[in-house]
Number of protein chains: 2
Amino acid sequence: LEERFSKMLESHVTELKEQLLYMASIVERMIGESIDSLVERDEAMARRVIDEEEPKVNDLEIKIDEMCINFLALYQPEASDLRMITMVMRINNDLERLGDHAVNIAERAISLMTKPPVKPLIDIPVMAKKSVDMVRDSLNSFTKADPELAADVRSRDDEVDDLKDQITRDLVAYIKSDPSTVERALELILIARHLERIADLATNIAEDVIFMVKGESVKHLW
Amino acid sequence: LEERFSKMLESHVTELKEQLLYMASIVERMIGESIDSLVERDEAMARRVIDEEEPKVNDLEIKIDEMCINFLALYQPEASDLRMITMVMRINNDLERLGDHAVNIAERAISLMTKPPVKPLIDIPVMAKKSVDMVRDSLNSFTKADPELAADVRSRDDEVDDLKDQITRDLVAYIKSDPSTVERALELILIARHLERIADLATNIAEDVIFMVKGESVKHLW
């Protein structure tokens, strides 16, 4: 009986992790597509992020939360399983927020499509790539319980911050030289901030992984 | 024995709620002070938010999370207690994020203090007041398990959004008429966005309360 119980628990943990990774894969795609829709001025792609993918992520958040609560009620897990489930709940919440940022970017992309471009978009896609890689690696560090990879994710947050500062400075210069660009430049500044927040959330996840594996909070030490 | 156990559980729940409310009171004060420091150009006040209050909030977040995990391990609660504890963990996380927004506002306030004002600050304090009231009422709706108050908080989110849009439009007009104001105006636009995010987080908490009380998610229905 003990053995069957432990096998059931194991299979539920696996199912939870699979659902979380499925949700993460949608969120990663949403971020990538929101930026692609901006660069390629592809309204259909932006609408897909907003109308098709975001509702899926919202449903998954509720589903995974319910699965976690049911898991806690059913197995009343101790120590490491308990910590793992509370981390799944936190990551679940972070993934939903990541999806929100992608939707915000897609909305700004749509608003920018009807207007002439302020400047060629090179640095924003670079920043987006770094941010999405951080999200992917933070999830990988979770499934592999790999604190080194998590620490690596954390160390990349500064690069993204620097890119955001540089992008903002460039756009402020555009506004100064041609104030008629202010609305469009502001949209791009805000998109860079969404990407910064995306990297922050990946960093949150990485810090949670370090906490889960090492049992100590590194969140507020640096 | 059963009775002693249930009394212990009750007293731990009370302690958890008290800690959460204590954390919320610091966060509310931080938001208020960050805006006051902006309006009154009071650097000492801004520094207090960043250097004294933020570390307290970070410590409390870790402490409350540990208390919740210990609670789950010790009591292995079912149904309503379980849902309540998972809500405490979510609200705890939201409060920490609220503190981060206050710190961001305080940092921008410090940067603006050394420069001439762009315009008299009237609408931002109004927006801040509405946002802080939403935070306070969302916490009250939690401690009173009051879904009507929670619904009321949610209904006020649109007002804050409208204020943010109006503030942004005004500042964009300032930039157009005098492009030398762009850096300062941008700081104010970003402060308005932090206030909008503060109202969003209060709305999150209110939606969690409705979920906790009614057992159904309203998060993605509107």
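Bear in mind the structure is a predicted one, so any value in this text is a computation, not a measurement.

Draft legend 1. Inspection of the interface of chain B and chain A at higher detail. With 38 residues of chain B at the contact, the number on the chain A side is 38 residues. Across the chain B to chain A interface the summed buried area is about 3,400 Å²; carbon plus sulfur atoms make up 58%. Inspection of the region where chain B meets chain A yields 10 salt bridges. The partner of Arg90 of chain B in a salt bridge is Asp65 of chain A, with the nearest N and O atoms 2.6 Å apart. Elements supplying a minimum of two residues to the side of chain B that touches chain A: helix H2 (43-75), helix H3 (79-113), helix H6 (157-177) and helix H7 (182-214) of chain B. A breakdown of the residues in the side of chain B that touches chain A according to their chemical character gives 15 nonpolar, eight polar and 15 charged.

Draft legend 2. Highlighting the environment of Ile198 of chain B. Residue and element names in this part refer to chain B. Position of Ile198 among the secondary structure elements: in helix H7. Taking the C-alpha atoms as reference points, Ile198 and Thr14, 184 residues apart in sequence, are found 26 Å from one another. Once you skip the residues sitting within four places of it in the chain, Ile198 turns out to touch Ile31, Leu98, His101, Ile105, Ser131 and Val135.

Draft legend 3. Expanded view of helix H3 (residues 79-113) of chain A. Spanning 35 residues, H3 of chain A covers 51 Å between terminal C-alpha atoms, matching the ideal 51 Å at 1.5 Å per step. The element H3 of chain A is largely enclosed, with a buried count of 28 among its 35 residues.

Draft legend 4. Examining helix H5 (residues 147-155) of chain B more closely. Regarding H5 of chain B, the residues found buried are Pro147, Leu149, Ala150, Val153 and Arg154 of chain B. In an axial view of H5 of chain B, the angular spread of the buried residues amounts to 160°, which keeps them on one side of the axis.

Draft legend 5. Geometry of the relation of the copies chain B and chain A. Mapping chain B onto chain A leaves a residual RMSD of 0.0 Å; the transformation is a rotation of 180° accompanied by 0.0 Å of translation along its axis. Accordingly, the operation relating the two chain copies is best matched by a two-fold axis. The position closest to the rotation axis in chain B is occupied by the C-alpha of Gln76 of chain B, lying 2.7 Å away. A share of 100% of the interface residues of chain B reappears at the interface of chain A, consistent with the copies meeting face to face through the same patch.

Draft legend 6. Layout of the side chain of Thr168 of chain A. Within the element layout of this structure, Thr168 of chain A appears in helix H6 (residues 157-177). With a relative accessible area of 13%, Thr168 of chain A lands in the buried category. Dropping the residues within four chain positions of it, Thr168 of chain A is found in contact with Ile189 of chain A together with Leu186 of chain B.

Draft legend 7. The arrangement of the environment of Glu78 of chain A in detail. The residue Glu78 of chain A is located in the loop between helix H2 (43-75) and H3 in this model. Measuring from C-alpha to C-alpha, the distance between Glu78 of chain A and Ile105 of chain A comes to 40 Å, with 27 residues separating the pair along the chain.

Cut-offs applied
- Residues numbered from 1 in each chain as written.
- Chains lettered and ligands numbered in written order.
- Predicted model: local features only at pLDDT ≥ 70, side-chain atom pairs only at ≥ 80, totals over all residues.
- Heavy atoms only, no water.
- Contact = heavy atoms within 4.5 Å.
- Buried area = accessible area lost by both parts, 1.4 Å probe.
- Salt bridge = Lys/Arg side-chain N within 4 Å of Asp/Glu carboxyl O.
- Helix = DSSP H or I, 4+ residues; strand = E, 2+ residues; numbered from the N terminus.
- Nonpolar A, V, L, I, M, F, W, Y, C, P; charged D, E, K, R; others polar.
- Expected span 1.5 Å × (residues − 1).
- Buried < 20%, exposed > 50% of the residue type's maximum accessible area, 1.4 Å probe, protein only.
- Arc of directions from axis to C-beta.
- Least-squares fit on C-alpha atoms with pLDDT ≥ 70 in both.

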